[in-house]
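What follows is each chain in one-letter form.
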Amino acid sequence: EAVTMLAGQAGVDVEIVSPEEEEPEEEEEEIDPSRLRTRPPVVTVMGHVDHGKTLLLDAIRQTDIISGEAGGITQHIGAYQVHQNGNVVTFIDTPGHETFTAMRARGAQVTDIVVLVVAADDGVMPQTVEAIDHARAAGVPIVVAVNKVDKPEADPIRVRQQLADQGIQTSEWGGDFEFVDVSAKSGQNLDKLLETILLVAELQELKADPESPARGVAVEAHLDKGRGPVATVLVQRGTLRVGDSLVCGAAHGRVRAMLDEHGQAVEEAPPGRPVQVLGWSSVPAAGDDFRVVEDEKEARRIAQDREARVRAAEQVAAAPAVRLEDVLAQVREGQVAELKIILKADTQGSLEALADALEKLSTEEVRVRMLRRSVGAITASDVDLAQADEAIIIGFNVRPDAIAREVAEREGVDLRLYTVIYRAVDEVRQALSGLLKPEEQEARLGEAQVRATFRVPRLGVVAGCYVTSGTITRGNRIRLVRDGTVVYDGRVASIRRFKDDVREVQEGFECGIGLENYQDIKEGDVLEAYEVREVARSL
Ligand code: GDP
């Protein structure tokens, strides 16, 4: 803001770009239509938890006879390809919207088609609707897989009706969406699902130039004990070859080897092909674009430039905000409650996905702040940081090492381990609810009408009342309402029945009521007794 203002005074234009965008040396090469070739569609499987996404992905890869013959052991590298009648489909091998959204958040549009899995025995659920929203937001066509039709209680028609309510009308009823009834368990109709995907892909006319320098996206990355940083990249155009130099975010490298989903060495990866790449300087981030450059020196230079810019941006972001309006806002609203988190995960993909989901839980009153997020085991340094800054540690598919565990136990650091993203998100949501200030809710206790007023020695003016509803108790908070206007808000000082002081009076009885520090009661006034309760809130 300050720079823009100063520049404005100096008559200079300021253009603000993110570190990722600023890439002066990169020129966009022309696309030559004559060199475009059809490429495989890239499919992401989404849907509600337990509706069978994982099993479906596994079942589909097992249908692939060609890869079965290729031998090798099935590896989960983050994506795989299956063959169907001479055509190829690429599946992103991590179900769930978090990954999809995290990738999109980084500007990576990887998916051509979303397969929406809906269990026929459960129907449309909240995450089904969420998945539809994500696919729509991304403008990606949906193919519906109505799963678990092998179950006796399966009701595929109901699923069609429920989805029609969401604007996803099956083509069988004249709508625009293809539905396939499948069973990931028995394998029923998986070939039909693949055919349907290919049909939808055909309409999209997915094409890429296999001859241009390779570009694409990292879909998964982690640090391998023996092999160093590995990343599965999806080639989107061009052909990636062993020996190519590439940059991916702030990581660079030279392709030492490429492996497919069967652990087999690959020399060349054309568009649509996912391959695991070895030979990185560091672990790239899932969702980062990669591209092949001239040579290793060039790759290193670009990566280092980016690294420096990202560092600088992080330092700016990490600096505490000392803007006056922030301070004022905090004073006005009472200090903002904050849940500090140290997040550790097994892969960049899950790290991004979880961080994204957790940060979304922030509201105006309670904020999630990520003190540290990185790939790898939970170490003593994480525990130290957590203790120093009163943070909790969340581990996703990682464990604390022995020292970290011991220190955490000794210091009472909150260390939570998860293997399912939504569980982690759920628990943090609950923890945040605990930080919310309880809400004040008013409860009406009783009401009385003033029918006469008396002056009583030592007590002052007392209202002769009739209790029209509820109960009025000594000490209650009370409002005096006259012609619809509150003229007094205070407490009940005394209650009398037939000259006796009593603690309370119930509906249908007459009594005398004295108010604390208030004498100006008139006939016709209404007294409302109420109390303010603190109610725990949830996000
Ligand atoms: P995800 O959470 O969507 O990935 O769901 P999973 O793939 O883990 O499946 C959840 C449960 O449903 C597992 O116990 C699966 O064995 C079961 N399941 C998945 N697909 C089918 C199916 O087609 N038929 C039956 N009977 N069970 C299924």
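Residues numbered from 1 in each chain as written. Predicted model: local features only at pLDDT ≥ 70, side-chain atom pairs only at ≥ 80, totals over all residues. Heavy atoms only, no water.

Take the overall build of the protein next. Looking only at helices and strands, one finds 13 helices and 29 strands in the protein. Counting the 539 residues in the protein, one finds 45% classified as buried. By element, 48% of the accessible surface of the protein is carried by carbon and sulfur atoms, the whole surface being about 28,000 Å². (Helix = DSSP H or I, 4+ residues; strand = E, 2+ residues; numbered from the N terminus. Buried < 20%, exposed > 50% of the residue type's maximum accessible area, 1.4 Å probe, protein only. Areas by Shrake-Rupley, 256 points an atom, 1.4 Å probe, with all protein chains shown as cover.)

Attention now goes to the pairing of strand 28 (residues 510-515). Burial of strand 28 is extensive: 5 of the 6 residues sit out of reach of the surface. Pairing geometry for strand 23 (residues 460-473) and strand 28, over 4 bridges, is antiparallel. Bridging across to strand 28, alanine 463 finds its partner in isoleucine 513. Relative to strand 28, strand 25 (residues 485-497) runs antiparallel, the two sharing 4 bridges. Bridged to isoleucine 495 within strand 28 is isoleucine 513. (Pairing = 2+ DSSP bridges.)

Detailed conclusions should not be drawn from predicted coordinates in areas where pLDDT is low. Considering every residue of the protein, the mean pLDDT works out to 85; 87% of them sit at 70 or more. pLDDT under 50 marks residues 318-332. Its contacts with residues more than four places away, or in other chains, come to 3 contacts. (pLDDT = per-residue confidence, 0-100. Contact = heavy atoms within 4.5 Å.)

On to the site of the ligand, then. Taken together, 15 residues sit near the ligand, with Asp50, Lys53, Thr54, Leu55 and Asp150 positioned nearest. Residue aspartate 50 places a main-chain N or O atom 2.7 Å away from an oxygen atom belonging to the ligand. In the model, an oxygen atom of the ligand is placed 3.0 Å from a nitrogen or oxygen of the asparagine 147 side chain. Contact with the protein chains removes 73% of the 580 Å² of surface that the ligand exposes when unbound. A total of 3 residues in the shell around the ligand trace back to one element, the largest contributor, which is helix 2 (residues 53-63). By residue class, the composition of the shell around the ligand is 3 nonpolar, 6 polar and 6 charged. (Near = heavy atom within 4 Å. Polar contact = N/O pair within 3.5 Å; in protein donor to acceptor, adjacent residues only side chain to side chain. Nonpolar A, V, L, I, M, F, W, Y, C, P; charged D, E, K, R; others polar.)

On to the packing of aromatic side chains. Inspection of every chain in the model, using the stated rule, returns 2 aromatic pairs. Consider the rings of tyrosine 80 and phenylalanine 91, whose centres lie 5.6 Å apart with planes at 25°: the pair is stacked. Of this pair, tyrosine 80 sits in strand 3 (residues 79-84) while phenylalanine 91 is found in strand 4 (residues 87-92), placing the two residues 11 residues apart along the sequence. Residue classification places phenylalanine 91 among the buried positions, given a relative accessible area of 0%. Across from the ring centre of tyrosine 80, 4.4 Å away, lies the NZ or CZ of arginine 61, which sits over that ring. (Phe/Tyr/Trp six-rings, centres within 6.5 Å; stacked < 30°, edge-to-face > 60°. Lys NZ or Arg CZ within 6 Å of the ring centre and 35° of its normal.)

Another aspect to go through is the nonpolar core. Formed by 26 residues in total, the largest nonpolar core has its most connected members in Leu56, Ile60, Val89, Phe91, Val115, Leu193 and Ile197. For this core, the secondary-structure elements that each account for two or more residues are strand 2 (42-47), helix 2, strand 3, strand 4, strand 5 (113-119), strand 6 (142-147) and helix 7 (190-204). If one sorts the elements of this core by residue count, helix 7 sits on top with 7 residues. Once residues within four sequence positions are removed from consideration, leucine 193 is found in contact with Leu56, Ile60, Val143, Ala145, Val180 and Val182. Counting 23 residues, the second-largest nonpolar core is a separate cluster that includes Leu343, Val368, Ile421 and Val428. (Core = buried A, V, L, I, M, F, W, Y, C linked by side-chain atoms within 4.5 Å.)

Another aspect to go through is a nonpolar patch on the surface. Taken together, the side chains of Val3, Val14 and Ile16 define a hydrophobic patch exposed on the protein surface, amounting to about 300 Å² of accessible area. Relative to the helices and strands, valine 3 resides in helix 1 (residues 2-9). (Patch = residues over 30% accessible without salt bridge, like charges linked within 9 Å, V, L, I, M, F, W, Y side chains within 5 Å. Salt bridge = Lys/Arg side-chain N within 4 Å of Asp/Glu carboxyl O.)

The sheet built from 6 strands is open, its strands ordered 3-4-2-5-6-7 with mixed pairing. Of all strands in the sheet, those bounded by a partner on one side alone are strand 3 and strand 7 (178-181). Taken pair by pair, the neighbouring strands of this sheet meet at an average axis angle of 30°, ignoring direction. Across the sheet, helix 5 (residues 126-138) lies against strand 2, strand 5 and strand 6, angled at about 170° from strand 5, the strand it touches most. (Axes fitted to C-alpha atoms, helices over the stretch in contact; angles between N-to-C directions.)

What follows covers unusual backbone geometry. The phi torsion at asparagine 397 lies on the positive side, around 55°, for a residue other than glycine. Even without glycine at this site, phenylalanine 498 takes up a positive phi of about 45°. Residue class for phenylalanine 498 comes out exposed when judged on its relative accessible area of 70%.

As for its position among the elements, valine 14 is in the loop between helix 1 and strand 1 (37-38). Here valine 14 falls in the partly exposed class, since its relative accessible area comes to 37%. Along the chain, valine 14 and valine 3 lie 11 residues apart, while their C-alpha atoms are 8.0 Å from each other. Excluding residues that lie within four positions of it along the chain, valine 14 makes contacts with Val3, Thr4 and Ala7.

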